[in-house]
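Working through the structure, step by step
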Amino acid sequence: MRVLVACEYSGKVREAFRKLGHDAWSCDLLPSDDGSEYHYQGDALDIINDGWDLMIGHPPCTYLSNAGARHLYPKGILNQERLELGKEAQKFFMTLYNSNIPKICLENPIPSKVYGLPVYTQIIQPFEYGHATSKRTCLWLRGLDPLVPTDIVEKTTTTKIPGNWFNKGGKNRWKQRSETFQGIADAMAKQWG
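Residues numbered from 1 in each chain as written. Predicted model: local features only at pLDDT ≥ 70, side-chain atom pairs only at ≥ 80, totals over all residues. Heavy atoms only, no water.

What follows concerns the overall build of the protein. Across its full length, the protein holds four helices and seven strands. The helix and strand sequence of the protein, counted from the amino end, reads β-α-β-β-β-α-β-β-β-α-α. When the 193 residues of the protein are sorted by exposure, 44% land in the buried category. The long-range fraction of contacts in the protein, counting pairs at least 24 apart against all pairs at least 6 apart in sequence, stands at 59%. Carbon and sulfur atoms provide 52% of the accessible area of the protein, an area that totals close to 10200 Å². (Helix = DSSP H or I, 4+ residues; strand = E, 2+ residues; numbered from the N terminus. Buried < 20%, exposed > 50% of the residue type's maximum accessible area, 1.4 Å probe, protein only. Contact = heavy atoms within 4.5 Å. Areas by Shrake-Rupley, 256 points an atom, 1.4 Å probe, with all protein chains shown as cover.)

Now the structure itself:
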């Protein structure tokens, strides 16, 4: 199966599919962390029509996330620039979602209602896939069954444990927070591949 992992620089999801024999490629504006030759550095829209069977997309959530909604009305005044950036992010999300690929999964945090994204199909948590932490992640699925938990473990409180995924990284915190947990990547490859 030809798999496009859009907006992924880590290579985790790509490699989970490649280990199972799929022709999987990641794509991101950033270079791949693992230096893989199976990474296209550029806009996912440049290659979205290249005959993929499955796309797993991680569109940027900075402006779409409900967590960022407080920045839309700082001090009760509409931040017009942020609103426009959110509209651009919504357009990119919907272009991925409506692409001509038979099977699609897009993941993002709980979205802000302002941008009118479709209703997500399911919410998953890392602690359902072997990682003792919490990070509610929405999946929008087309042509795919919901992801089934593979290894439910006791969760921890992510905001109070030093050194966990949520608090690591200083200036690279955004990058580490955007990586897919390995257990989730493996579940996607096994269940959808």
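Picking up where we left off.
Let us look at the side chain of E107. Within the secondary structure, E107 is located in strand β5 (residues 103–108). With no salt bridge to any partner, buried E107 finds its closest opposite charge in K135, at an N-O distance of 5.7 Å. Of the polar contacts made by the side chain of E107, one reaches the side chain of H58; its length is 2.9 Å. (Lys, Arg positive; Asp, Glu negative; His and termini not counted. Salt bridge = Lys/Arg side-chain N within 4 Å of Asp/Glu carboxyl O. Polar contact = N/O pair within 3.5 Å; in protein donor to acceptor, adjacent residues only side chain to side chain.)

This part covers the pairing of strand β1 (residues 2–6). With four of five residues buried, β1 is to be regarded as a mostly interior element. Sheet topology places β1 next to strand β2 (residues 23–28); five bridges connect them, and they run parallel. Across the sheet, residue V3 finds its bridge partner in β2, namely A24. Once you follow β1 into helix α1 (residues 12–18) and on to β2, the crossover reads as right-handed. With four bridges joining them, β1 and strand β4 (residues 54–57) adopt parallel strand pairing. (Pairing = 2+ DSSP bridges. Right-handed = clockwise from strand over helix to strand, strands pointing away.)

Attention shifts here to the sheet that holds β5. Ordered by their spatial adjacency, seven strands build an open sheet running β3-β2-β1-β4-β5-β7-β6, and the pairing between neighbours is mixed. Each edge of the open sheet carries a strand with a single partner, namely β3 (39–41) and β6 (122–124). Within this sheet the neighbouring strands show an average axis-to-axis angle of 20°, counted without direction. Packing against the sheet, helix α2 (residues 80–97) makes contact with β4, β5 and β7 (137–142), and its axis sits at approximately 155° to β5. (Axes fitted to C-alpha atoms, helices over the stretch in contact; angles between N-to-C directions.)

Turning next to unusual backbone geometry. Even without being glycine, C7 reaches a positive phi, approximately 65°. Topologically, C7 is positioned in the loop between β1 and α1. Phi is positive for K75, close to 55°, though the residue is something other than glycine. Its place among the elements puts K75 in the loop between β4 and α2. The class of K75 is exposed, set by a relative accessible area of 84%.

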